[in-house]
Amino acid sequence: MNLIFFGAPGAGKGTQAIFIAKKFNLYQLSTGDILRNEIKNKTEIGKKIEQIINEGGFVTDSIINDLLKKIITNPSYRNRIIFDGYPRNVQQAENLELMLNADNQSINFIFFLKVNREILEKRILGRIICEKCNKTFNEYLNKKEEIEKHDCGTKYLKKRKDDNEEVLVTRYDEYMKKTKPVLDFYSSRNYFHEIDGTSEIQVITNKIEQILTV
């Protein structure tokens, strides 16, 4: 099965994608991770991507589509992909359907994690991520001792460059303008599910698992 997770930056879609991928042996296709890997490897496209992200913008469709097509057509990931934070606009949604249809695949479930802006700000501005295991903590929401006792050690805990208030406002406004039409594009389909993203992480996970196993 192929899934899509939607939600504004900080809604927790990445966290849920990790849990569900592990539970159902799926491949988490995070466009954010793919783009950051390009940046980390200092490729030419990575340098261009870094500039766009640091300015709070979204990477062009042509760049993302080329990177995604390699994964979608890989037999190892066929019909077992979680699209984490993609598509971001209607054109990407249409392109995704074309890419999947061309490989005789389709989307089986769509989950939208709905969270208000006030909570999103607290989640993003306090977010720290372990560079070793990719686990996410929050300086505001997690207890200090919980962060300090992280198995990998605190030296791997870093804030992302784009997790700042100026970029947050830009990304949220851009999300509302471009991504909301995508939700409208999918919302009438019977495999579209809106979930309260302000609930506890495990509560959200249980709800998603329940839908997937019905």
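Because the structure is predicted, anything quoted here is derived from the model rather than measured.

Further remarks concern the sheet that holds strand S4 (residues 109-114). Strand order in the open sheet made by the five strands is S2-S3-S1-S4-S8, with parallel pairing throughout. Of all the strands in the sheet, the pair left with one neighbour each is strand S2 (27-30) and strand S8 (192-196). The average angle at which neighbouring strand axes cross in this sheet is 20°, direction not considered. Relative to S4, strand S1 (residues 3-6) runs parallel, the two being bridged by four bridges. Residue pairing for S4: Leu 3 is matched across the bridge by Phe 109.

What follows deals with the pattern of salt bridges. Note that side chains of opposite charge can pair when their charged atoms are close. Applying the stated criterion to the full structure yields seven salt bridges. Notably, a salt bridge pairs Glu 44 with Lys 47, separated by 3.5 Å at the nearest N-O pair. Here Glu 44 and its partner Lys 47 are both found in helix H3 (residues 44-54), three residues apart, which amounts to about one turn of the helix.

Side-chain alternation along strand S5 (residues 127-130) places Arg 127 and Ile 129 on one buried face and Ile 128 and Cys 130 on a second face that is also buried. Relative to strand S6 (residues 136-138), S5 runs antiparallel, the two being bridged by three bridges. The residue bridging Ile 128 from the neighbouring strand is Phe 137, located in S6. Taking the residues that link successive antiparallel strands as the turn, the S5-S6 hairpin has five residues, and the phi of Asn 134 there is positive, at about 75°.

Attention shifts here to empty space enclosed by the protein. Inspection of the entire model under this criterion finds one cavity of 30 Å³ or more. Approximately 60 Å³ is the volume found for the largest cavity. Surrounding the largest cavity, Phe 5, Phe 6, Gly 7, Pro 9, Lys 13, Gly 85, Pro 87, Arg 88, Tyr 175 and Thr 179 form its lining.

Parameters at a glance
Residues numbered from 1 in each chain as written. Predicted model: local features only at pLDDT ≥ 70, side-chain atom pairs only at ≥ 80, totals over all residues. Heavy atoms only, no water. Pairing = 2+ DSSP bridges. Helix = DSSP H or I, 4+ residues; strand = E, 2+ residues; numbered from the N terminus. Axes fitted to C-alpha atoms, helices over the stretch in contact; angles between N-to-C directions. Salt bridge = Lys/Arg side-chain N within 4 Å of Asp/Glu carboxyl O. Buried < 20%, exposed > 50% of the residue type's maximum accessible area, 1.4 Å probe, protein only. 1 Å grid on protein atoms, 1.4 Å probe; cavity = no way out; pocket = protein on both sides within 12 Å on 5 of 7 lines; lining within 4 Å. Points joined across faces, edges and corners; volume = space filled by probe spheres on them.

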